[in-house]
Amino acid sequence: AQSVSQHNHHVILSEAASLELGCNYSYGGTVNLFWYVQYPGQHLQLLLKYFSGDPLVKGIKGFEAEFIKSKFSFNLRKPSVQWSDTAEYFCAAQYSSASKIIFGSGTRLSIRP
Amino acid sequence: DVKVTQSSRYLVKRTGEKVFLECVQDMDHENMFWYRQDPGLGLRLIYFSYDVKMKEKGDIPEGYSVSREKKERFSLILESASTNQTSMYLCASSLWDRGRNEQYFGPGTRLTVT
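Computed from a prediction, not measured in an experiment: that's the story for all the values here.

Novice: Where do I start with the pattern of salt bridges in this structure?
Specialist: This structure, assessed with the given rule, holds 11 salt bridges over all chains. Ionic pairing is found between A:R77 and A:E66, a salt bridge with its closest N-O pair at 3.2 Å. Here the residue A:R77 occupies a position in strand β9 (residues 73–78), and A:E66 occupies one in strand β8 (residues 64–68), the gap between them amounting to 11 residues. For B:E22, the salt bridge is made with B:R73, and the minimal N-O distance between the two is 3.6 Å. Within this pair, whereas B:E22 is found in strand β3 (residues 19–25), its partner B:R73 is found in strand β8 (residues 73–78), the two being separated by 51 residues in sequence. By relative accessible area, which is 37% here, B:R73 ends up partly exposed. Within the structure, one salt-bridge network assembled from shared partners comprises A:K58, A:E64, A:E66 and A:R77.

In structure tokens, the structure reads:
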């Protein structure tokens, strides 16, 4: 079955530390990949997306993600986190031309000021 | 700017009650979705709809039904609420664009069933 795995359930970092959140998706042919973020009390919003082309994609607020096809991975990175990055992050995959998107279980990021 | 609205932010219902959760989007999107969000489980798809009066089961449809009579509105119905349906419910919509459909989410409805 198609699935998305996020292995880090809760990550705690200090401000200015570098961030990498892992995301792996199961094989299923052509795939579109997304990272969504949910700040406390707010709705889910799109951080970045990969459809094709350059495997390094840049999103909002200084986030980027790299699509590595051979590893079935789409890890999220940020060189220097801020307290305002405290949120829950969801990786998601959409296979071929299906409407539905499969979400990972989420990673809660806590930033110590 | 896409706007997805949900009828309530918080809802408390009793076991056995019929519950309606409403979702409206203002961007003429073909696709609409209902998810539930639970800690450690991420988002799980309940139902989705790709056109008016069309619906498809998601991963966890049991205990739920949906209605889409108008393009902009997608309702989730709990026929007889149970305590295990206490959760955060998220509605989303997307444009059908050759399969490249990022989803836009509403603020969520936190439902408590007592």
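Novice: What am I meant to see in the nonpolar core here?
Specialist: Soluble globular proteins tend to pack their nonpolar side chains together in the buried interior. Ranked by internal contacts, the top residues of the largest apolar core, which has 30 residues, are A:W35, A:L48, A:F74, A:L76 and A:Y89. For this core, the secondary structure elements donating two or more residues are β2 (10–14), β3 (19–21), β5 (31–38), β6 (45–50), β8, β9, β10 (87–95) and β12 (107–112) of chain A. In terms of residue count, the dominant contributor to this core is β10(A) (five residues). Formed by 20 residues, the second largest nonpolar core is a distinct cluster that contains B:V19, B:Y64, B:L78 and B:L111.

Novice: Explain the sheet that holds β8(B) here, please?
Specialist: Think of a sheet as strands paired side by side through backbone hydrogen bonds, with each pair either parallel or antiparallel. All names here are of chain B. Ordered by their spatial adjacency, four strands build an open sheet running β1-β3-β8-β7, and the pairing between neighbours is antiparallel. Edge positions in the open sheet fall to β1 (4–6) and β7 (64–70), since each of these has one partner strand only. Averaged over all pairs of adjacent strands, the angle between strand axes in this sheet comes to 20 degrees, irrespective of strand direction. Sheet topology note: the β7/β8 ladder contains five bridges and is antiparallel. Following the sheet pairing, S65 is matched in β8 by I77.

Novice: Can you walk me through the state of the cysteines in this structure?
Specialist: As used in these notes, a disulfide is a covalent bond between sulfur atoms, one from each of two cysteines. Within the structure shown, the criterion is met by two disulfides over all chains. Sulfur-sulfur distance for the disulfide between A:C23 and A:C91 comes to 1.9 Å. The sign of the -65 degrees torsion about the S-S bond sets the A:C23-A:C91 disulfide as left-handed. Placement of the pair is A:C23 in the loop between β3 and β4 (24–25) and A:C91 in strand β10, with a sequence separation of 68 residues. Classification of A:C23 by relative accessible area gives buried; the value is 0%. Disulfide pairing is shown between B:C23 and B:C91; the S-S distance is 1.8 Å. Taking the sign of the torsion about the S-S bond as the criterion, the disulfide between B:C23 and B:C91, at about -75 degrees, is left-handed. Highlighted residues: B:C23 in strand β3 and B:C91 in strand β9 (residues 87–94), separated in sequence by 68 residues. Owing to a relative accessible area of 0%, B:C23 belongs among the buried residues under this scheme.

Novice: Help me out: how do you make sense of the interface of chain B and chain A in this one?
Specialist: Much of the literature gives interface size as the accessible area that the parts lose upon coming together. Listed as interface residues are 22 residues of chain B and, on the opposing side, 23 residues of chain A. Regarding the contact of chain B and chain A, the summed buried area is about 1800 Å², with carbon and sulfur atoms giving 53% of it. On the surface where chain B and chain A come into contact, there are one salt bridge. Taking the shortest distance from any N to any O, the salt bridge between B:E102 and A:K49 comes out at 2.3 Å. Inspection of the chain B/chain A interface yields four residue pairs in polar contact (both at pLDDT 80 or more). Grouping the constituent residues of the side of chain B that touches chain A by class yields 10 nonpolar, eight polar and four charged.

Rules used in this analysis
- Residues numbered from 1 in each chain as written.
- Chains lettered and ligands numbered in written order.
- Predicted model: local features only at pLDDT ≥ 70, side-chain atom pairs only at ≥ 80, totals over all residues.
- Heavy atoms only, no water.
- Salt bridge = Lys/Arg side-chain N within 4 Å of Asp/Glu carboxyl O.
- Helix = DSSP H or I, 4+ residues; strand = E, 2+ residues; numbered from the N terminus.
- Buried < 20%, exposed > 50% of the residue type's maximum accessible area, 1.4 Å probe, protein only.
- Core = buried A, V, L, I, M, F, W, Y, C linked by side-chain atoms within 4.5 Å.
- Pairing = 2+ DSSP bridges.
- Axes fitted to C-alpha atoms, helices over the stretch in contact; angles between N-to-C directions.
- Disulfide = S-S within 2.5 Å.
- Contact = heavy atoms within 4.5 Å.
- Buried area = accessible area lost by both parts, 1.4 Å probe.
- Polar contact = N/O pair within 3.5 Å; in protein donor to acceptor, adjacent residues only side chain to side chain.
- Nonpolar A, V, L, I, M, F, W, Y, C, P; charged D, E, K, R; others polar.

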